[in-house]
Amino acid sequence: MSVWKGLRELITDSAWKTLREQITAGNVPAVLELLETLDDAGRKEVARELPAYVRSLEERTWRSDRSVSLRDAQNLALKAAGAACLPAAAAAAWLVRRDLQVWRSSEQRTEQVVMRASSHRPASWRADVGRRLAGKLRLRDMDPWDNEGQRNWELATRLLFSAGEAPPTNDAFVVGWLAWRRTTPRGQDPFFSALVPFIFEAEGVGARLAGERPEENGTWSRTGSWIGKLLAAAAATGSANAARPAGTADAADGVDGVDAVGAAGTADAADGVDAAHAADAVGAAGAVGGADAVGGADMPKTADTAGGARTADGAVSPVSREALLDGCVRRFLRGGRARDLAWFIRLHQALAPTAEESAARLRDYVRLLPVAPPAVAELAFGQVKAVDERTPLDDGLFAETVEALLFRPEAKLVKAALIWLDRRARNRGCEAAAVAFAATLFGHERPELRERAVKLAVKHAGKADPLTAETVREAAGVLPGTLLPLITEAFGAVEAAEPEAPPVLYAPAPTDLPGPISSPAELFEKTVLHLRNHDMSWAETERLTAGLVTMGPSIVEELQQHVHADAPWMLHDSYVHQLFGPSFLIHVLLQRSEGLLRRDRRARKKAKGEGGTPPASRRSLHERFLDAAAAVDHRIRVLSQHQRRGEDFPAPARLLHLRFVDAAAHLGAPVLLATPTSSTGHLDPDVFAARLRTLEEAGQEPGVYDLEQALLRLPADTVHVPGLDGLSSPAAVRAREWLASGGFRAPDLVYGFVPVKHHRYSWHADQSWEEFSHFHATAVCESPLHSARLLGTITPPAEQVATGHHAAEIPWWPAVLPSHRELTAAHLLHHLASRSHDPYDNAAVLPALTDATGPTGQATAAVLLHALGSEHAPDRAGAVDALLSFAAQDALPASDLGRLLPPLLETETFPLTRLLPPLTEAVRAGAPLWPFFAEAIPALLPEPGTPARTGLAPFLSLATTTAELHHIRTPLPALTTWTPASPTSRPAKEAARLHQTLTAP
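Small disclaimer: the values here were computed from a predicted structure and weren't measured.

What counts and how
- Residues numbered from 1 in each chain as written.
- Predicted model: local features only at pLDDT ≥ 70, side-chain atom pairs only at ≥ 80, totals over all residues.
- Heavy atoms only, no water.
- Helix = DSSP H or I, 4+ residues; strand = E, 2+ residues; numbered from the N terminus.
- Buried < 20%, exposed > 50% of the residue type's maximum accessible area, 1.4 Å probe, protein only.
- Contact = heavy atoms within 4.5 Å.
- Areas by Shrake-Rupley, 256 points an atom, 1.4 Å probe, with all protein chains shown as cover.
- 1 Å grid on protein atoms, 1.4 Å probe; cavity = no way out; pocket = protein on both sides within 12 Å on 5 of 7 lines; lining within 4 Å.
- Points joined across faces, edges and corners; volume = space filled by probe spheres on them.
- Nonpolar A, V, L, I, M, F, W, Y, C, P; charged D, E, K, R; others polar.
- Salt bridge = Lys/Arg side-chain N within 4 Å of Asp/Glu carboxyl O.
- Core = buried A, V, L, I, M, F, W, Y, C linked by side-chain atoms within 4.5 Å.
- Axes fitted to C-alpha atoms, helices over the stretch in contact; angles between N-to-C directions.
- Parallel < 35°, antiparallel > 145°, perpendicular 65-115°, else oblique.
- Phe/Tyr/Trp six-rings, centres within 6.5 Å; stacked < 30°, edge-to-face > 60°.
- Polar contact = N/O pair within 3.5 Å; in protein donor to acceptor, adjacent residues only side chain to side chain.

Right, let's get into the overall build of the protein chain. If you tally the helices and strands in the protein chain, you get 48 helices and five strands. Across the 1001 residues of the protein chain, 51% fall into the buried class. Pairs at least 24 apart in sequence give 74% of the contacts found in the protein chain among residues at least 6 apart. Accessible area for the protein chain stands at about 45200 Å²; split by element, carbon and sulfur atoms hold 53% of it.

Below you can see the structure in the form of structure tokens.
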């Protein structure tokens, strides 16, 4: 027995050795042939060797061999080996390993190779692996651009199909089916009927199909879109049910159960799977039950698996009109984002339900009206109206429908409801109910809806009963003076309500920043947190920087251990140019400590070589770090190596960089001078004097830029600091002279539009230049401080600029000049010239700008408008908060906003429609924006013969709301002199309504 066992091991070892050589060479055909010759013992041996072999291939190079890289070929061979030798659970995990991904397109598709390698496996194994693979699919990978996701889905599909298994119905599998079977004819898709019902259940379907659009003639392609395929299937179901009894095969589609299996099997063979395996796949599917097995062993038997006729027991087919309409409504009721429901809306519209079909789902359509996304609510309302025209709604459903619509926030739906009310009142004799419902809108925030509701009530006042008339009079008290007389004339005297005062805005109070880091343990904790997450606020960064300067040497040994284990890149000299802020300080700190340790090692080696012994006792690393002579050498080296870096940075970023270089050159100093003490970015004068005293007592001088930043952070009204009296250090003398001269005087800004060109974003190498007109501010500053000259000088942008500076420190800029936020805004505008597409994080920059102090002007207004018109919702939300904060501080440049809006719209910086939602939110919150509207409206009214700008009508409506809220009664002459092209157009009506409001008593 031992002889035979040894011989078998020898043969097996030889087989694995040969197989390993072919895998390493990436020879997939040879690997497949070798796998077919293995016996059970050989497969077990291969299964044992595979994991260790993969670990040995960590250093694999990329080498192109025809269309397949060596790495891809090796991975493909390894997948084949795993499919041939591993048990089901291990094989499923093996096939989706991240380190075995096939990245590039291959002449040998993964699913073909794996299917051939597993051709000897029984159907139960293929079914088990297929189910496990389907369960491992991830929704985010079911993308037409994701090759690995497609390979895994195709592999799971082929394994299940060859085993005659029903298709999985998990979300990822269904979305993958939709992604990669869109152009497959129904007759060649054995999973069609089984998976159609899950289109309405699986998450991610709407997002995946959102891009489907009809042909130019409005029809849907039956071979290129899922809506077209579903419509064709539903039509086939309807014609089949009308022409034949249930249970008859549908020859029109040319597919019966056997043909479906045969078509799929033929495709496998054509794709390159060997013919014997293709025949096995067809045979396995047929053995289980033909098309029924492919469509789902647990599905009811159908007359037409792919076509969608009725089932044998008379139940509704999953691809009938009834099933599709029910699926759409069921999906609407589940809710979701508008984009995720758009495809289902298009499918519902393409089905074009009749009034009878809608009547069967009437209750569900009414349930959708209050909370569904606007497009869904509009669709549901259309179906309700269609049913009502055929058979009037009962009073309960009618009231529920109207109440749901009148309280929707979308003006379009409310207007549609009022029109329907008016028509129904005329045709159905329900005038009193229409008047009562209209009265609920008298307090609506939209002037045009209030006016329409008043006109409807007045129109049907003669049919209103006394109780309804009393209801109208009570509700009319909130109407403005332009509409109240209409109600009084039709319903009698009305007691006008006291006008509401606009909301009160409260300015945020400055707060004191936390004190300095108090212990090495806290410093180490904050440093590790920074290394793991660089997203720190400017205040946290300033505090950490001060802690690293004062206590960094005390944690250097502990920090070394952490960095060596978790962030070794921090020690590389080549990485230093990518470091900024505390990361730069940490790098310098560790580099200096590494230098001291290397010096110790050289000293010990030298002493040992000379026959001596190293000193038994020496100073600690911390003590040597703070050695005065060594500190001077370190300072000179750091300043010479890093001070010139960042010369092309914007001025605020340049100063921040110089400050961090300064801090790195003064590691171990007793205090950092410029660390702010207030949330505005200011530095308390008494704290400033105390820090200077500490440095003087320690016999040290602050860094040049540390001192200059500290002076710029003193409050603007600081003239004398008593704590500086008696100090004799050069820094103290310089500080007293600076304050005596009046400190920093912000330069006068010169505003205007300048032409700028920059590269248009493109995937192509020959990128074109995009020209636009940019609002800019320039300034010239003379000052004894280099930092003041740097920040106070702004030059026009270059005529052609490449993509500019983009870094996370831009939200720190307002704290660099906390008393001069208009100058900071001018720097932000200068930055916008080079990064108009992705400038900075408005949601973080604008709150810091409002926390600072100082006057505001055109630069601040331009920054606000850019943020209000941003493509990114968080930017617009941050702009609204900033606008309200400026208003609460009585620092909102509203007139400048209005003057700048028209020229910025002319340059197509942003569309007017994008500003409307954030402006509406600001008006509702009580922002005093009337000066903005008064400046903007005259320039936005179109010239004779010119069409009105898109969004002008709602802009004028918002101006009316602002005038009513703040009781503005100052007429705009432009409204009286403007002659609209069409007096009945909406802009003309809104302009007339605004003029009536401004001229009302």
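Moving on from the model shown.
This brings us to empty space enclosed by the protein. Using the criterion set out here, one finds five cavities of 30 Å³ or more in the structure. Lining of the second largest cavity is provided by Val549, Asp662, Ala663, His666, Ala669, Val671, Leu672, Leu695, Glu701, Pro702, Gly703 and Asp706. For the lining of the second largest cavity, a count of residues per class yields seven nonpolar, two polar and three charged.

Here the focus is the pattern of salt bridges. For the coordinates displayed, the defined rule picks out 40 salt bridges. Asp422 is the salt-bridge partner of Arg426, the closest N and O atoms lying 3.3 Å from each other. In this pair, Arg426 and Asp422 both sit in helix H22 (residues 411-428), four residues apart, roughly one turn of the helix. Overall, the relative accessible area of 17% leaves Asp422 in the buried class.

What follows is about the nonpolar core. Of all hydrophobic cores here, the largest spans 139 residues; its most connected members are Phe688, Leu901, Leu929, Phe933, Ile937 and Phe955. Sort the elements by how many residues they give to this core and helix H33 (residues 651-665) lands first, with nine residues. In contact with Phe955, not counting residues within four places along its chain, are Leu901, Leu912, Leu916, Leu919, Phe932, Phe933, Ala936, Ile937 and Leu940.

This brings us to the environment of Ala163. Checked against the element boundaries, Ala163 lands in the loop between helix H8 (147-162) and helix H9 (171-180). On the basis of relative accessible area, Ala163 is assigned to the buried category, the value being 5%. Between the C-alpha atom of Ala163 and that of Trp125, which follows or precedes it by 38 residues, the distance is 8.4 Å.

Let's shift gears to the packing of helix H40 (residues 842-851) against helix H42 (residues 873-888). In the contact formed by H40 and H42, the axes pass within 8 Å of each other and the chain directions differ by 10 degrees. By the criterion of interaxial angle, the relationship of H40 to H42 is roughly parallel. Contacts from Asn842, Ala843, Leu846, Leu849 and Thr850 in H40 reach Pro874, Asp875, Gly878, Ala879, Ala882, Ser885 and Phe886 in H42. Broken down by class, the residue content of the contact of H40 with H42 amounts to seven nonpolar, four polar and one charged.

Our next topic: the packing of aromatic side chains. Going through the model one piece at a time under the given rule, you end up with 20 aromatic pairs. Each ring, one from Phe580 and one from Trp812, has its centre 6.1 Å from the other, and the planes form 35 degrees; the classification is tilted. Taken together, the residues span a long stretch of sequence, with Phe580 in the loop between helix H29 (556-566) and helix H30 (582-609) and Trp812 in the loop between strand S5 (800-801) and helix H38 (813-816) at a distance of 232 residues. Between Phe660 and Trp812 the ring centres are 6.3 Å apart and the planes differ by 65 degrees, which places this aromatic pair in the edge-to-face class. With Phe660 in helix H33 and Trp812 in the loop between S5 and H38, this pair connects stretches of sequence that are 152 residues apart.

Turning next to the side chain of Asp388. Structurally, Asp388 can be placed in helix H20 (residues 374-390). Look at Asp388 and you get buried, because its relative accessible area is 3%. When neighbours within four sequence positions are excluded, Asp388 is seen to be in contact with Leu393, Trp420, Arg424 and Arg428.

Looking now at the packing of H8 against H9. Interhelical geometry of H8 versus H9 gives an angle of 105 degrees and a closest axis separation of 10 Å. Regarding the angle of H8 to H9, the classification is roughly perpendicular. Side by side, H8 and H9 meet where Gly149, Gln150, Trp153, Glu154 and Thr157 of the first sit next to Ala172, Phe173, Gly176, Trp177 and Trp180 of the second. When the residues that make up the contact of H8 with H9 are grouped by side-chain class, the tally is five nonpolar, four polar and one charged.

Examined against the element boundaries, His967 turns out to sit in the loop between helix H46 (952-965) and helix H47 (973-977). Sequence spacing of His967 and Pro499 is 468 residues, and the spatial spacing of their C-alpha atoms is 8.5 Å. A distance of 3.2 Å separates a polar side-chain atom of His967 from the backbone oxygen of Glu500.

Glycine aside, a negative phi is what most residues show, and trans is what most peptide bonds show. Positive phi, close to 45 degrees, is recorded for Ala352, a residue that is not glycine. Residue position: Ala352 is located in the loop between helix H17 (338-351) and helix H18 (355-359). Judged by its relative accessible area of 48%, Ala352 falls in the partly exposed class. In this structure, His967 takes a positive phi of about 55 degrees despite not being glycine.

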